[in-house]
Amino acid sequence: MKVIEKTRFGLVLLLWVAGLGAAAQFAKFSVIFPGLGELYPQAGTSLGFLVSIISLIGIVLGTTAGMFVARIGFRRLLLLALLLGAAVSAYQATLPAFPLMMTSRIVEGISHLIIVVAAPTLIAQVSAQRHRPITLTLWGTFFGVAFAIVAWFGLPLVSAHGMHALFIAHAAAMMIVATVLFFQLPRIVKTDPDHLLPGFRELISRHAEIYASPSMAAPALGWLFYTLTFVSLLTLLPGTVADTDRAFVIGAMPLASIASSMTLGIILLQRLSAVQVILIGFAFAIAIGLWLGFDPGNAYLCIALFCALGLVQGASFAAVPQLNSEPTTQAYANGAIAQMGNLGNTCGTPLLLAIMVSFGFGGVIVLIIGCYTLGIFAHLMLRRRRTALAG
């Protein structure tokens, strides 16, 4: 494979924007959730699945998506996924009946999954090795940035023109990105020589191979312990601070994680391996979590905790090409990240909420420290296995 010596930063930004479109597939339903209750009053508790069904698809098909992307082609499937996402959003703008809207979300989940597997793999391939810590850290911000954009611009759009306007805007954005990428995205990444789609037995064996590999599994397993707490803490921590600080903390926590990953994270990645930066992030998160346990409701400690988690956020994506040199194994690793990330996002908030109800805030602190300790342990054990295999 040809070594890229010059980073195409414009193309990296386009691929990042594709990631924003994928994250907006979550955000557009989250920010209008109260309105969805009015639109579908008969849905009851099933309404929550309009948001979470994408996560469930990622849990089931995360690594499978990595296999299909590697076999069929990164460029081709990314473009098709963007067009599919645009078509689904355009259909959702008609505000169909609840069962049909739910079906559209299942289809949209496939689009989302392909984008979050193919785009970071392509970013790694169009980036010079010295720039990958920067470009993949940028990729790691796509979720938080997309939620902020949809909240800042999407809600006023809905207030002015109705709920359907948000879906139309998202469809138009996905179509524009797909069109620009069609002309700008080179055919750099080679697909798997075996173009046959994997059968059921191969899917099972490939899953086992991915999670048995200390290189392909490492970013995903660390990511699991990160995602188990990230969204859940965004949801629960603001309720522990004073009312006067709550709005500030809600906005500052995700921005703090993005800022730390794009500043301190990039600086550290220029000097240390991605795994070392992940370990530092988890270690700082443990220390801040312990402090927060003795000073619950401290707004600045809540924000500092997300600064520490920002180091894990960016470095986890940077670890994929560092630990996996081939595009195919990178796609598998990114698929595993998608799978573990969706598992963590789905289970994290109910788990932390149950712990808080049963054991109070102290139980939450014990749980998050346990998660970060397990994240460190997983990375250390897998690093030891990589060393043993290499030596």
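Our subject is the structure listed above.
Residues numbered from 1 in each chain as written. Predicted model: local features only at pLDDT ≥ 70, side-chain atom pairs only at ≥ 80, totals over all residues. Heavy atoms only, no water.

1. Quick look at the overall build of the protein
Applicable threshold: Starting at the N terminus, helices and strands are each numbered in turn, a helix being any DSSP run of H or I of at least four residues and a strand any DSSP run of E of at least two. The globule rule used for comparison is 2.2 Å times the number of residues to the exponent 0.38, while the radius of gyration itself is calculated over C-alpha atoms. We call two residues in contact whenever any of their non-hydrogen atoms come within 4.5 Å of each other.
Looking only at helices and strands, the protein features 15 helices and zero strands. In terms of C-alpha radius of gyration, the protein reaches 20 Å, essentially the compact-globule figure of 21 Å for 391 residues. Principal-axis analysis of the C-alpha atoms gives the protein an extent of 55 × 50 × 40 Å. Within the protein, counting contacts between residues at least 6 apart in sequence, those at least 24 apart form 84% of the total.

2. Considerations on the nonpolar core
Put simply, the rule reads: Among the buried residues, those of types Ala, Val, Leu, Ile, Met, Phe, Trp, Tyr and Cys that are joined through side-chain atoms within 4.5 Å form a nonpolar core. Three labels apply to residues, based on accessible area from a 1.4 Å probe with only protein chains included: buried if under 20% of the type maximum, exposed if over 50%, partly exposed otherwise in between.
Formed by 101 residues in total, the largest nonpolar core has its most connected members in Leu 181 and Tyr 372. Looking at this core element by element, the count peaks at 19 residues for helix α15 (residues 327–390). Each residue touching Leu 181, except ones within four places of it in the same chain, is listed here: Leu 11, Leu 14, Leu 15, Ala 18, Leu 78, Leu 79 and Leu 82. Counting residues in hydrophobic clusters, the runner-up holds 23 residues, among them Leu 36, Ile 53, Val 150 and Met 163.

3. Re helix α4 (residues 74–92)
Helical geometry note: an α-helix holds 3.6 residues per turn, so side chains three or four residues apart project in the same direction. Condition: Any helix carries an expected span of 1.5 Å times its number of residues minus one.
In this model α4 runs 27 Å from its N-terminal to its C-terminal C-alpha over 19 residues, within 8% of the 27 Å that 1.5 Å per residue would give. Regarding α4, the residues found buried are Phe 74, Arg 75, Leu 77, Leu 78, Leu 79, Ala 81, Leu 82, Gly 85, Ala 86, Val 88, Ser 89 and Gln 92.

4. Some points on the pattern of salt bridges
Filter applied, for reference: By definition here, a salt bridge exists when the distance from a side-chain nitrogen of Lys or Arg to a carboxyl oxygen of Asp or Glu is within 4 Å.
Within this structure, the stated rule accounts for three salt bridges. We note a salt bridge from Glu 108 to Lys 28, for which the minimum N-O separation is 2.5 Å. Placement of Glu 108 in helix α5 (residues 98–125) and of Lys 28 in helix α1 (residues 9–31) is noted, with a sequence separation of 80 residues between them. On the accessibility criterion, Lys 28 (1% relative accessible area) is buried. Put simply, Lys 28, Arg 105 and Glu 108 are held in one network by salt bridges that share partners.

5. Some words on helix α13 (residues 274–294)
Over its 21 residues, α13 extends 31 Å from the first C-alpha to the last, a length consistent with the 30 Å expected when each residue adds 1.5 Å. Along α13, the residues classified as buried are Ala 274, Val 275, Val 277, Ile 278, Leu 279, Gly 281, Phe 282, Ala 285, Ile 286, Ile 288, Gly 289 and Leu 292. Along its buried surface, α13 packs onto α10 (217–236), α12 (264–269), α14 (299–323) and α15.

6. Re the packing of aromatic side chains
As a reminder of what qualifies: A pair of aromatic rings is counted whenever rings of Phe, Tyr or Trp (Trp by its six-membered ring) have centres within 6.5 Å, and the orientation is called stacked for planes under 30 degrees apart, edge-to-face for over 60 and tilted otherwise. Whether a charge sits over a ring comes down to the Lys NZ or Arg CZ being within 6 Å of the ring centre and within 35 degrees of the ring normal.
Counting across every chain of the model gives 11 aromatic pairs. When the ring of Phe 182 is compared with that of Phe 183, the centres are 5.2 Å apart and the planes differ by 90 degrees; the resulting orientation is edge-to-face. On the basis of relative accessibility, which here comes to 64%, the residue Phe 183 falls in the exposed class. Here the aromatic cluster, defined as three or more aromatic residues joined through ring pairs, consists of Trp 139, Phe 142, Trp 223, Tyr 226, Phe 230, Phe 306 and Phe 317. When the ring centre of Phe 182 is taken as origin, the NZ or CZ atom of Arg 75, which lies over that ring, is 5.4 Å away. We note Arg 105 situated over the ring of Phe 29; from NZ or CZ to the ring centre the distance is 4.0 Å.

7. Some points on the side chain of Gln 330
Heads up, the condition is: Between N or O atoms, a polar contact is any pair within 3.5 Å; within protein, one atom must be a potential hydrogen donor and the other a potential acceptor, and residues adjacent in sequence are included only when both atoms are from side chains.
Considering the arrangement of structural elements, one finds Gln 330 in helix α15. Residue classification places Gln 330 among the buried positions, given a relative accessible area of 1%. Polar side-chain contacts of Gln 330 include one of 2.9 Å to the backbone oxygen of Asn 324. Those residues within four positions of Gln 330 in sequence are excluded, and the remaining contacts are Thr 121, Ala 124, Gln 125, Val 320, Pro 321, Asn 324 and Ser 325.

8. Some thoughts on the side chain of Gln 25
Within the secondary structure, Gln 25 sits in helix α1. The buried category is assigned to Gln 25, whose relative accessible area is 0%. With sequence-adjacent residues up to four places away left out, Gln 25 is seen in contact with Ile 54, Gly 85, Arg 105, Glu 108, Ser 111, His 112, His 170 and Met 174.

9. Observations concerning the environment of Gln 92
Mapped onto the elements, Gln 92 comes out in helix α4. Remark: the alpha-carbon pair of Gln 92 and Leu 166, spanning 74 residues in sequence, is separated by 9.7 Å. Ignoring any residue separated from it by four or fewer positions in sequence, one finds Gln 92 in contact with Lys 28, Phe 29, Met 101, Ser 104, Arg 105, Glu 108 and Phe 167. A polar atom in the side chain of Gln 92 sits 2.9 Å from the side chain of Lys 28.

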